[in-house]
Amino acid sequence: GAVVSQHPSRVICKSGTSVKIECRSLDFQATTMFWYRQFPKQSLMLMATSNEGSKATYEQGVEKDKFLINHASLTLSTLTVTSAHPEDSSFYICSARTGRQNIQYFGAGTRLSVL
Amino acid sequence: DQQVKQNSPSLSVQEGRISILNCDYTNSMFDYFLWYKKYPAEGPTFLISISSIKDKNEDGRFTVFLNKSAKHLSLHIVPSQPGDSAVYFCAASRGGGGNKLTFGTGTQLKVEL
């Protein structure tokens, strides 16, 4: 199956700092990538849809100025959590869509802890 | 508002027996359903899917059943193997698995020897 790499797997940062998470499709081109967030004992919730070369589409209730998404190439999308606060601590996971199979392949996720 | 629900957080099955994982949804606009499997420290991996025009899809040991009138789907694994022990997520979408997915909270399956 297609491989999606997500980095870093875990990050601990101080409140007020910004954190960048990378999502790469390693063996296919992904015109669309998705960013999800999961709080403890809850399901994965879609935050935004990232399309190569255009602005991301954010789900209702997700602050676009806080969660900056850049999809500059067909193999890379980044999520930057700006001015992180403890309530942003969560598990963030990306996925990439292959046009061929119309399914999403997921990265391993990033555990963000904001102190 | 949890549109996709997996009411059993855990399930324990003996090796060789059938595992049945259940999922319910509330949004009648969903027309495509998927099951993902997740091991610790890894991302979810796609397992099997079904379109709303079908009521069954089979792939090897895995079969997904869809009951649209009841808004219910289930994943059957037979025979269950220890390597099947993982968290299983049900997901639903409109227009295919490449679109926005709405996930359930997952069911931890443990297959015992």
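Coordinates for the structure precede this section.
Reading guide: rules and limits
- Residues numbered from 1 in each chain as written.
- Chains lettered and ligands numbered in written order.
- Predicted model: local features only at pLDDT ≥ 70, side-chain atom pairs only at ≥ 80, totals over all residues.
- Heavy atoms only, no water.
- Buried < 20%, exposed > 50% of the residue type's maximum accessible area, 1.4 Å probe, protein only.
- Helix = DSSP H or I, 4+ residues; strand = E, 2+ residues; numbered from the N terminus.
- Pairing = 2+ DSSP bridges.
- Phe/Tyr/Trp six-rings, centres within 6.5 Å; stacked < 30°, edge-to-face > 60°.
- Contact = heavy atoms within 4.5 Å.
- Buried area = accessible area lost by both parts, 1.4 Å probe.
- Salt bridge = Lys/Arg side-chain N within 4 Å of Asp/Glu carboxyl O.
- Polar contact = N/O pair within 3.5 Å; in protein donor to acceptor, adjacent residues only side chain to side chain.
- Nonpolar A, V, L, I, M, F, W, Y, C, P; charged D, E, K, R; others polar.

A. Here's a closer look at the pairing of strand β4 (residues 32-38) of chain B. Residues and elements named next belong to chain B. Among the seven residues in β4, seven count as buried, and that is most of the element. By the alternation rule, side chains of β4 split into Tyr 32, Leu 34, Tyr 36 and Lys 38 and Phe 33, Trp 35 and Lys 37, which are all buried. The pairing of β4 with strand β5 (residues 45-51) spans six bridges and is classified as antiparallel. Counted as the bridge partner of Lys 37 is Thr 45 from β5. Hairpin connection of β4 to β5: six residues between the antiparallel strands, including Ala 41 at a positive phi of 65°. Bridge count for β4 against strand β9 (residues 86-93) is seven bridges, and the pairing is antiparallel. Each residue of the ladder has a partner; that of Lys 38, found in β9, is Val 87.

B. Summary view of the packing of aromatic side chains. In this structure the tally under the stated criterion is 12 aromatic pairs over all chains. With centroids separated by 5.5 Å and ring planes inclined at 45°, the aromatic side chains of A:Tyr36 and A:Phe106 adopt a geometry described as tilted. Of this pair, A:Tyr36 sits in strand β4 (residues 32-38) while A:Phe106 sits in strand β10 (residues 104-106), and the two are 70 residues apart along the sequence. Arranged with centres 5.6 Å apart and planes meeting at 85°, the rings of A:Tyr36 and B:Phe103 form a pair that is edge-to-face. Here B:Phe103 lies in strand β10 (residues 102-103) and A:Tyr36 lies in strand β4, a pairing that spans two chains. There is no split in this pair, since A:Tyr36 and B:Phe103 are both buried. Linked through ring pairs, A:Phe34, A:Tyr36, A:Phe106, B:Tyr36, B:Phe46, B:Phe89 and B:Phe103 together constitute an aromatic cluster.

C. Inspection of the pairing of strand β11 (residues 110-114) of chain A at higher detail. Residue and element names in this part refer to chain A. Counted residue by residue, β11 has four buried out of five residues, so it is predominantly covered. Sheet analysis places strand β2 (residues 10-13) next to β11, joined by four bridges and oriented parallel. Looking at β11, one finds that Ile 12 is bridged to Ser 113. The pairing of strand β9 (residues 90-97) with β11 spans three bridges and is antiparallel. Each bridged residue has a counterpart across the sheet, and for Phe 91 the counterpart in β11 is Arg 111.

D. Broad picture of the interface of chain A and chain B. Every contact between the two is made by 17 residues of chain A and, on the other side, 19 residues of chain B. Of the roughly 1,400 Å² buried between chain A and chain B on both sides combined, carbon and sulfur atoms contribute 58%. For the interface between chain A and chain B, the tally reads one salt bridge. Residue B:Lys100 is joined to A:Glu59 by a salt bridge in which the shortest nitrogen-to-oxygen separation is 2.7 Å. In this assembly, chain A and chain B are joined by eight residue pairs in polar contact (both at pLDDT 80 or more). Broken down by secondary-structure element, the contributors of at least two residues to the side of chain A that touches chain B are β4, β9 and β10 of chain A. Take the side of chain A that touches chain B: its biggest share by element is three residues, from β4(A). Among the residues making up the side of chain A that touches chain B, the classes are represented as eight nonpolar, six polar and three charged.

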